[in-house]
Amino acid sequence: YVTLHNRDLSQRVKPKSDSLAPPSHESRQVGREQTVIHRIGPVSPAPAPLPETGPRNEPKEAAAAAGLEGSGASLGAASKEDRQWKEMKLQLDDLPGILARLSKIKLTALVVSTASAGFAMAPVPFDLTCFLLASLGTGLASCAANSINQFFEVPFDSNMNRTKNRPLVRGQISPLLAVCFAAACGVPGIALLTLAVNPLTGLLGAFNIFLYTCCYTPLKRLSIANTWVGAVVGAVPPVMGWTAATGSLDAGAILLGGILYSWQFPHFNALSWGLREDYSRGGYCMMSVTHPALCRRVALRHCLALLGLCAAAPALDVTTWTFPVISLPINLYISYLGFRFYRDADRSSSRRLFFCSLWHLPLLLLVMFTCKKPLLEKEEKGDLLAGNHGRAVEIRLP
């Protein structure tokens, strides 16, 4: 490039030197030419050619890059596929387990056991047929209530770690099948309690289903009053057991319901304390989330209430006077843990109170059953009262 440029420059200067211009003018042109040549520096040499190994490696590098891009695209497609809705096929072998989780089989077992305790504590001779029918009807009613509860709470259960694997949330069962299962449990259950046991027990069972599904379930997202309503739901089963045996609502039934009512507050409040983040994500109004101090106070208050209820059992002629004495240590222990939960307000104290409540209730009911007042003693007392009443009548007559 420099050579051509100098040649053109010299050609431009050369015709002027051939003209009749004076020598001084020619020397000025040459000087200008030299100046121009001096200002244009040498051009840098051309870059050396690339080594022969470069072009050969280029296909390998391009192939590797294409492989990485392909794997990234496949991973993205797979993750996108995972996020999409998929149709789940229901296997008949999996159906019993799915229905057991839909009906909250562990909670249903607790309901049936407390109803059985109420039946056993009733002051009447034990009737095995009536006991089995009452237990079956109570279990079916509990399965129906729990299934309807899960049907209503699918959008909220999906936001909680504790409930996100429930059958309706995961799509393992259709909502229509869940409702049909609830109807297939609830209608025969209430009919069995009403026709085979007695109408009062059937009425209590229907009332409990209504209270759990139509009152407690929507209240969980509206007010902390849901905890008190839920405690009433848990207190009804032992009352149903008592009425199934006796056919009447007596003071003993109210006492058993009161014990279950008070027990649920330390049990549930301690459980909800460790699940505050979950309940907050689900949008539930729980005392542990919105009123943490009240949550601890209520748990301690009902721990102490268990002491008074157990002391009232012999006064209501349900147990002997040994029951308050024998149950005192376990009631004092759960009250101590309730005080620790109230004072410390941490997960450790709430966990201890919760696990204590798991063994406290069955042990308390067992002690209560062993201290039950004998039926013969009650019959003798009733006969004595009837005899006194007859003598009083005889005295009044002339």
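What comes next is a walk through the structure. (Residues numbered from 1 in each chain as written. Predicted model: local features only at pLDDT ≥ 70, side-chain atom pairs only at ≥ 80, totals over all residues. Heavy atoms only, no water.)

A count of helical and extended segments in the protein chain gives 18 helices and 0 strands. Here the protein chain, with 398 residues, has 38% of them falling under the buried criterion. Across the protein chain, every contact between residues at least 6 apart in sequence was considered, and the portion connecting residues at least 24 apart equals 74%. As displayed, the protein chain has an accessible area near 22500 Å², and 66% of this comes from carbon and sulfur atoms. (Helix = DSSP H or I, 4+ residues; strand = E, 2+ residues; numbered from the N terminus. Buried < 20%, exposed > 50% of the residue type's maximum accessible area, 1.4 Å probe, protein only. Contact = heavy atoms within 4.5 Å. Areas by Shrake-Rupley, 256 points an atom, 1.4 Å probe, with all protein chains shown as cover.)

Turning to the nonpolar core, a few remarks are in order. Counting residues in each nonpolar core, the largest one holds 44 residues, and the members touching the most others are Phe323, Leu353 and Met368. Counting residues domain by domain, this core receives three or more from each of domain 1 (92–247) and domain 2 (250–373). With 10 residues, the next largest nonpolar core counts Leu102, Ala144, Phe181 and Cys185 among its residues. (Core = buried A, V, L, I, M, F, W, Y, C linked by side-chain atoms within 4.5 Å. Domains from an automatic or database assignment.)

Next up on the list: the packing of aromatic side chains. Per the stated rule, a full pass over the model turns up 13 aromatic pairs. With a centroid separation of 5.6 Å and an interplanar angle of 55°, the aromatic rings of Phe151 and Phe152 are classed as tilted. Since its relative accessible area comes to 41%, Phe152 is described here as partly exposed. Among the aromatic side chains, those forming a connected cluster through ring pairs are Phe156, Phe268, Tyr279 and Tyr284. We note Lys220 situated over the ring of Tyr284; from NZ or CZ to the ring centre the distance is 4.8 Å. Above the face of the Trp273 ring, Arg276 is positioned so that its terminal group lies 4.1 Å from the ring centre. (Phe/Tyr/Trp six-rings, centres within 6.5 Å; stacked < 30°, edge-to-face > 60°. Lys NZ or Arg CZ within 6 Å of the ring centre and 35° of its normal.)

The next point concerns the pattern of salt bridges. Scanning all chains against the criterion turns up 7 salt bridges. A salt bridge links Lys220 to Glu153, with the shortest nitrogen-to-oxygen separation between them at 3.1 Å. Of this pair, Lys220 sits in the loop between helix 10 (199–219) and helix 11 (226–246) while Glu153 sits in the loop between helix 6 (128–152) and helix 7 (154–157), placing them 67 residues apart in sequence. Taken individually, Lys220 and Glu153 each receive the classification buried, so the pair is uniform in this respect. A salt bridge links Glu277 to Arg347; the shortest N-O distance between them is 2.9 Å. (Salt bridge = Lys/Arg side-chain N within 4 Å of Asp/Glu carboxyl O.)

Let's shift gears to the packing of helix 6 against helix 10. With their axes 9 Å apart at the nearest point, helix 6 and helix 10 run at an angle of 20° to one another. By the angle between their directions, the pair helix 6 and helix 10 is classed as roughly parallel. For the crossing formed where helix 6 meets helix 10, the hand is right-handed. In this structure, helix 6 contributes Ala141, Ala145, Asn146, Ile148, Asn149 and Phe152 to the contact, and helix 10 contributes Ile209, Tyr212, Thr213 and Thr217. Considered class by class, the residues forming the contact of helix 6 with helix 10 number 6 nonpolar, 4 polar and no charged. (Axes fitted to C-alpha atoms, helices over the stretch in contact; angles between N-to-C directions. Parallel < 35°, antiparallel > 145°, perpendicular 65-115°, else oblique. Left-handed = near helix turned anticlockwise from the far one by under 90°. Nonpolar A, V, L, I, M, F, W, Y, C, P; charged D, E, K, R; others polar.)

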